[in-house]
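# Chain and residue survey
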Amino acid sequence: MKLLMLVLLLITMIVSCGSDKTTDPFVPIDAANLIGTWNGSYALTYDAGTDSARTYEVEAQIIFADTSFTFTGEAISACATYGIGKYQVNGKILEFEDHSPRLMICDWANILHGQYKYGYVSNEYHTIDMTMTQSFDRYSWYIYMVKMPEIVQW
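Report on the accompanying structure. Predicted, not measured: the structure shown is a model, and the values here were computed from it.

### Brief notes about the sheet that holds strand β4 (residues 79-90)
- Ordered in space as β1-β2-β3-β4-β5-β6-β7-β8, the eight strands form a closed barrel in which the pairing is antiparallel. Here the strands of the sheet are splayed against their neighbours by 30 degrees on average, with no regard to which way each runs.

Set out below in structure tokens:
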């Protein structure tokens, strides 16, 4: 009986050893893998105080350098979709600081600024798909990008 109790105690200890570990398999993206040109779509959804939300989705491009980015896209309503500034990777967050001058008639909603939760998938062809999301007040952003292959000329 003592042997059975000892075995049960040992099994319980072994099983409980890994129970405090996180189950999140997320690995932050290496900032070096961001560098390059990314093409995709930029969607902005907002609640205009009605029963339904309005969504604007445009084609967009982000070019990442070491610590800076350039963002361009089609216009959303009368305001252009663009930006330039600094970025950094903080775990599951991509943080953007837009430093572009803006016209006063535009509301700054169609820019790349603030903290975006991101996820990415890399495949055997070395392409990377990335999504970024952010919500603030009545606004929600959803960005889907694919890293473009680098063309090497001889």
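Let us keep going from here.
### A closer look at the environment of Lys 117
- Its location among the elements puts Lys 117 in strand β6 (residues 114-122).
- Sequence spacing of Lys 117 and Ile 93 is 24 residues, and the spatial spacing of their C-alpha atoms is 4.7 Å.
- When neighbours within four sequence positions are excluded, Lys 117 is seen to be in contact with Lys 92, Ile 93, Thr 131, Met 132 and Thr 133.

### Here's the deal with the nonpolar core
- In terms of nonpolar packing, the biggest core is built from 27 residues, with Ile 62, Phe 64, Phe 96 and Met 132 touching the most fellow members.
- For Phe 96, the contacting residues outside a window of four places in its chain are Phe 64, Phe 69, Lys 86, Tyr 87, Leu 112, His 113, Gly 114, Tyr 116 and Met 132.

### Looking at the pairing of strand β5 (residues 93-98)
- Covered by surrounding structure in β5 are Leu 94, Phe 96 and Asp 98 only, the residues Ile 93, Glu 95 and Glu 97 on the alternate face being uncovered.
- Here β4 runs beside β5; their pairing, made up of six bridges, is antiparallel. Counterpart to Tyr 87 in the pairing with β5 is Phe 96.
- Connecting the antiparallel pair β4 and β5 is a turn made up of two residues, with Gly 91 showing a positive phi of about 65 degrees.
- When β5 meets β6, the two strands line up antiparallel, connected through four bridges. Of the residues in β6, the one forming a bridge with Leu 94 is Tyr 116.

Scoring rules and cut-offs
Residues numbered from 1 in each chain as written. Predicted model: local features only at pLDDT ≥ 70, side-chain atom pairs only at ≥ 80, totals over all residues. Heavy atoms only, no water. Pairing = 2+ DSSP bridges. Helix = DSSP H or I, 4+ residues; strand = E, 2+ residues; numbered from the N terminus. Axes fitted to C-alpha atoms, helices over the stretch in contact; angles between N-to-C directions. Contact = heavy atoms within 4.5 Å. Core = buried A, V, L, I, M, F, W, Y, C linked by side-chain atoms within 4.5 Å. Buried < 20%, exposed > 50% of the residue type's maximum accessible area, 1.4 Å probe, protein only.

Fair warning: the whole summary comes from geometry, so function is off the table for now.
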